[in-house]
Amino acid sequence: MDGIDYKILNILQKNARETASNISKEIHLSVSAVIERIRKMEETGLIKDYTIIVDEKKTGGEMTALMEVSLEHPRYFEGFAASIQDITSIVSCYYLTGDFDLLLKISCRNSEELEGMHRQIMSLEGVSDTRTHVVLKTVKNIYSAIPKP
């Protein structure tokens, strides 16, 4: 990867539907060269998917919370990970170092739904503790960071 690839990635991250023609104008490279670079990044797996960022409030997720989860023992990790896959209110889950083992991002309608999610998570085998933080405002939201070259 070089600086041009990073520029292309940054443009696609802002708008995954941006045309190769517009990208070429912005970075001063031919359309065919832009298309070829994108194709190579897709083939090597650097670009995994193209996706959208949804305004969760417009889809009924009026409340966002971050829930830290502690497991009694690492042997419960696989079961926990499998258990949360079909819970649509959990939009992301990260395995962590530190005092808690996992961090869940939860999108729900209200505090009652969040309370139900808390009960559901606490009832999963191996969960020993949780700590929940309600998000007041999202200040920055990107899918993944692209380091500067």
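See the structure above.
The structure presented is a predicted model; accordingly, all values stated were derived computationally and were not measured.

### Topic: the packing of helix α1 (residues 3-14) against helix α3 (residues 31-43)
How two helices sit against one another is set out by the angle between their axes and by the gap between those axes.
Part 1: Contact pair α1 / α3: the axes reach a minimum separation of 11 Å and the direction vectors enclose 85 degrees. By the angle between their axes, α1 is roughly perpendicular relative to α3. Across the interface between the two elements, Ile4, Asp5, Ile8, Leu9 and Leu12 of α1 pack against Arg37, Ile38 and Met41 of α3.
Part 2: Each residue belonging to the contact of α1 with α3 can be placed in one class, and the counts come to 6 nonpolar, no polar and 2 charged.

### A word on the pattern of salt bridges
Part 1: The final tally for this structure, using the stated rule, is 7 salt bridges.
Part 2: The partner of glutamate 36 in a salt bridge is arginine 39, with the nearest N and O atoms 2.1 Å apart. You can see glutamate 36 and its partner arginine 39 sitting in helix α3, 3 residues apart, about one turn around the helix.
Part 3: Residue class for glutamate 36 comes out partly exposed when judged on its relative accessible area of 30%.
Part 4: Judged by its relative accessible area of 31%, arginine 39 falls in the partly exposed class.
Part 5: Here arginine 119 and glutamate 115 are joined by a salt bridge, their closest N and O atoms 3.2 Å apart.

Criteria and thresholds
Residue numbering note: each chain is counted from 1, following its sequence as written. Residues qualify for local features only when their pLDDT is at least 70, as the model is predicted, and side-chain atom pairs are given and counted only at 80 or more; totals for whole chains, interfaces and linings, by contrast, use all residues. To get the side-chain values, take all heavy atoms of the structure and skip hydrogens and water. Structural elements are reduced to axes, namely lines fitted to C-alpha atoms, with helices fitted over the stretch in contact, and the angle between N-to-C directions of any two is expressed from 0 to 180 degrees. Helix and strand assignments come from DSSP, with helices taken as H or I runs of at least 4 residues and strands as E runs of at least 2, each series counted from the N terminus. Oblique is the label for any angle not under 35 degrees, not over 145, and not in the 65 to 115 range, which are roughly parallel, roughly antiparallel and roughly perpendicular in turn. In this description, contact between two residues means that some pair of their heavy atoms is separated by no more than 4.5 Å. For this classification, Asp, Glu, Lys and Arg are treated as charged, while Ala, Val, Leu, Ile, Met, Phe, Trp, Tyr, Cys and Pro are nonpolar and the rest, including Gly, are polar. What counts as a salt bridge is simple: a side-chain nitrogen of Lys or Arg found within 4 Å of a carboxyl oxygen of Asp or Glu. Throughout, exposure labels follow a simple rule: accessible area from a 1.4 Å probe, protein chains only, divided by the maximum for the residue type, with under 20% read as buried, over 50% as exposed, and the rest as partly exposed.

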